[in-house]
Amino acid sequence: MSETIHPVTQAALAITRTTAEQYQAAHARSLADPDGFWRDQIGRLDWYRAPTVMGNWSWDPVDIKWFEDGVINASWNCLDRWAEADHTRTAIIWEADDPKAKTRRLSYAELRDEVTRMANALVALGVDKGDRVTIYMPMIPEAAMAMLACARIGAVHSVVFGGFSAESLAGRIEDAQSRFIITADEGRRGGKPIPLKAIADEACDKAEAAGVNVEAMLVIRHTGGAISMVEDRDHWWHEIRAEVPATCTPEPMNAEDPLFILYTSGSTGKPKGVLHSTAGYLLWANLTFETVFDYRAGEIFWCTADVGWVTGHSYIVYGPLSAGATVLMFEGVPSWPANDRFWQVIDKHKVNIFYTAPTALRAIMRDGDEPVNRHDLSSLRLLGTVGEPINPEAWNWYHRVVGKGQLPIVDTWWQTETGGALITPLPGATPLKAGSASWPFFGIEPALVEADGSLIAWTPGTEISGNLVLLRSWPGQARTVFGDHERFTQTYFTAYRGRYFTGDGARRDADGYWWITGRVDDVINVSGHRMGTAEVESALVAHPDVAEAAVVGFPHDIKGQGIYAYVTLNAGVEASDALAAALKATVRAEIGGIAVPDHIHLTPALPKTRSGKIMRRILRKIAENEFGALGDTSTLADPTVVDALIEGRLNR
Ligand code: WT7
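These numbers were taken from a predicted model, which means no experiment stands behind them.

Engineer: How should unusual backbone geometry be read in this particular structure?
Structural biologist: Only a minority of non-glycine residues have a phi that is not negative, and only a minority of peptide bonds are not trans. In the segment running from Asp 60 into Pro 61, the intervening peptide bond is cis, with an omega of 0 degrees. By secondary structure assignment, the location of Pro 61 is in the loop between β1 (55–59) and β2 (62–66). The step from Trp 336 to Pro 337 runs through a cis peptide bond, and the omega angle for that step is -5 degrees. Positionally, Pro 337 belongs in the loop between β17 (326–330) and α11 (341–349). The phi dihedral of Gln 177 is positive, around 50 degrees, even though this residue is not glycine. Considering the arrangement of structural elements, one finds Gln 177 in the loop between α6 (166–176) and β8 (180–184).

In structure tokens, the structure reads:
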């Protein structure tokens, strides 16, 4: 197999371990000579045919291609090439939810052999190139295997986070027209089982009612919990594994063939299936992984995200494995069996690079320094954060207590749509500022615009703020929304025509550092999870007693933002605590636990303009307890509604 991989010389890998001056020179070159810059990077990957064309893209109309004449297979790059070079090298170290359970270690050779068998199992079940395969899994190595098995045969995976409800899972199966599911009997988190197979069964029924028939389900036995198997549809992995061949030739894929779909929330409608390409995505994941985390062979890298989110895709699976790294995969949660679990795991496995979310740090910080200091963290060399702005207090605690005042912290700003980090420090090169994502990565040209789209000029020594846009494409950029290119164009390229709008606000300080201030659209960021307020509203109105719902975010000490829901009830329905609890249960069933509102404010009326538009600005202020700054309320149809709402807020 290896001889069919086109040997491209390894070039210009030296941009890792840069100084600030080298970073600036390389960044300037990446903008001035993008073809030259990217031509130097393609040797990071093995290709069947190396690309001759680098970026070939337009944002008006939207048509994005990178490396379009390249031919490649992602699973080869993440498995075989490392297994062949060093068959004992560890790919995955798995730490179970239960600290007493046995650690699993998979070498690159073992992981490849499992992936090739699973790929053959998928083929045996009828999966073809281009088919969408839904993956609904706990955090076990088989989740990574499932993704890579799809990549091996050219199937498109759609991983759905294991915390989503049957309803949400069904919606994603339907949207992707996915006829195949890979799941496990149960997951386990914080000592509790999660009935994944039972939820998947329910989702299949719902999808079938909507016209999408799931033909085959591959089930991994993990906890051994009791489940029911549907004859002819469901297959145990351990049974089929014994029957299929152990080798599987990777499918040569065009660079622009889709690698995966990942659903994410926006300000309107249902979640979108963000589609990533094969080569551009993989190269971005690989380059950012090695550079941002300054990864050195043999080190142990731990990203605490779930593979159900893009962070898990890029920095548990595709980035690290394409770089031959050793990743730690953790099934559990930071708070169980005790609040020192992260530090116990770092100590146990001698983790070198640790990447987590600000919300986890804020939750842990509450208990002081002792749970951290109880463990030997001397293996750590680098820390990172992702998912939401990190407040300087949490940054300083992370730096002082976890990093002993010594370790750099990379605060990486990016999105599901960007494939990997875009604004981030490079360790060693970037002088850090607590709370700033600092500088753009290679090939990235951010800018700030006014609401009307005019560019805000920045000169050294001045400070500006505005809406964050990007002025040029990069290889890891999402290519479309699955099945709805028009929605892709509308969502990202229409507010500021010809530019990519991130949905975030930002400022740029006098030194040129970028500070992300949070979403400026109707998206809220709850514990680093992205949630559309419209989605939560439509879940609430699914309850028969609800007339109308308006959902806003509010500042939350641990979660970053909490969810505050204003709800009006149908005529004749009495407000009660029991009803508020029932509404929370409805949201849990419609979306999942992560979307359940912190507060449900049952109110007789919502503040509306005379034309009937809900004034969310006022609702946000009331949720924030900022009653003095409500702004102009003169356009309200009934200004007394505001007094009633404030009354309701004060009473809680
Ligand atoms: C939104 C994207 C990036 C993968 C995980 C989240 C916010 C993300 C940062 C950061 C400030 C951040 C933004 C962004 N965000 N990282 N370092 N500093 N904000 O991916 O679910 O697509 O969410 O997360 O608001 O738009 P996502």
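Engineer: Even after reading the chapter, I still don't get the sheet that holds β8, so can you show me in this structure?
Structural biologist: Strand-to-strand pairing in sheets goes through backbone hydrogen bonds, with the strands running parallel or antiparallel. Judged by pairing direction, the sheet is mixed, and its eight strands sit side by side in the order β12-β11-β8-β6-β7-β14-β15-β23 without closing on themselves. The sheet is open, and its two edges are formed by β12 (234–236) and β23 (480–481), each paired on a single side. Here strand β11 (residues 216–220) pairs with β12 via three bridges, running parallel. Directly across from Leu 218, in β12, lies its bridge partner His 235. In the packing of helix α5 (residues 141–153) onto the sheet, contacts are made with β6 (132–136), β7 (156–159), β8, β11 and β14 (258–264), and the angle to β6 comes to roughly 175 degrees. Sitting on the sheet, helix α9 (residues 279–292) is in contact with β14 and β15 (272–277), with an inclination near 80 degrees to β15.

Engineer: Help me out: how do you make sense of the sheet that holds strand β18 (residues 353–356) in this one?
Structural biologist: Strand order in this open sheet of seven strands is β5-β4-β17-β16-β18-β19-β20, and the pairing throughout is mixed. Because the sheet does not close on itself, it has two edges, and the strands there are β5 (104–107) and β20 (409–412). Taking each pair of neighbouring strands and ignoring which way they run, the sheet shows an average axis angle of 20 degrees. Where strand β16 (residues 300–303) lies against β17, three bridges are found, and the strand directions are parallel.

Engineer: Whenever I open this one, helix α12 (residues 358–365) confuses me. Can you help?
Structural biologist: In an α-helix, one full turn covers 3.6 residues, which means residues spaced three or four apart are oriented alike. For α12, the tally of buried residues reaches seven of eight residues, placing the bulk of the element in the interior. Within the span of α12, buried status applies to Pro 358, Thr 359, Ala 360, Leu 361, Arg 362, Ile 364 and Met 365. Contacts made by the buried residues of α12 are with α11, β18, β19 (382–386), α14 (392–402) and β29 (560–569).

Engineer: Would you explain the side chain of Ser 322 in this entry?
Structural biologist: Structurally, Ser 322 is set in helix α10 (residues 310–322). Overall, the relative accessible area of 1% leaves Ser 322 in the buried class. At 2.7 Å, the side chain of Ser 322 forms a polar contact with the backbone oxygen of Tyr 318. For Ser 322, the contacting residues outside a window of four places in its chain are Asn 77, Cys 78, Arg 81, Trp 82, Leu 282, Asn 286 and Val 317.

Engineer: Sorry if this is basic, but what is going on with the packing of aromatic side chains here?
Structural biologist: Centre-to-centre distance and the angle between the planes together describe a pair of aromatic rings. Following the criterion strictly, the structure yields 45 aromatic pairs and no others. When the centroid spacing of 5.0 Å and the interplanar angle of 20 degrees are considered together, the rings of Tyr 23 and Trp 439 count as stacked. Placement of the pair is Tyr 23 in helix α1 (residues 20–32) and Trp 439 in the loop between β20 and β21 (446–449), with a sequence separation of 416 residues. Ring geometry for Trp 284 versus Phe 441: centroids 5.4 Å apart, planes at 75 degrees, classification edge-to-face. Taken as a pair, Trp 284 in helix α9 and Phe 441 in the loop between β20 and β21 lie far apart in primary sequence, 157 residues in all. Side by side, Trp 284 and Phe 441 carry an identical accessibility label, which is buried. In this structure an aromatic cluster arises from ring pairing among Tyr 23, Phe 37, Trp 38, Trp 47, Trp 66, Phe 67, Trp 284, Trp 439, Phe 441, Phe 442 and Tyr 513. Sitting over the face of the ring of Trp 236, Arg 221 holds its NZ or CZ atom 6.0 Å from the ring centroid.

Engineer: What am I meant to see in the confidence of the model for the protein here?
Structural biologist: When pLDDT is low, close inspection of the predicted coordinates is not appropriate. Taken as a whole, the protein shows an average pLDDT of 94; of its residues, 97% reach a score of 70 or greater. Confidence over residues 1–15 falls short of pLDDT 50; this stretch has 33 contacts with residues more than four positions distant or in other chains. The complex model carries a pTM of 0.95, and its ipTM stands at 0.99.

Calculation rules
Residues numbered from 1 in each chain as written. Predicted model: local features only at pLDDT ≥ 70, side-chain atom pairs only at ≥ 80, totals over all residues. Heavy atoms only, no water. Helix = DSSP H or I, 4+ residues; strand = E, 2+ residues; numbered from the N terminus. Pairing = 2+ DSSP bridges. Contact = heavy atoms within 4.5 Å. Axes fitted to C-alpha atoms, helices over the stretch in contact; angles between N-to-C directions. Buried < 20%, exposed > 50% of the residue type's maximum accessible area, 1.4 Å probe, protein only. Polar contact = N/O pair within 3.5 Å; in protein donor to acceptor, adjacent residues only side chain to side chain. Phe/Tyr/Trp six-rings, centres within 6.5 Å; stacked < 30°, edge-to-face > 60°. Lys NZ or Arg CZ within 6 Å of the ring centre and 35° of its normal. pLDDT = per-residue confidence, 0-100.

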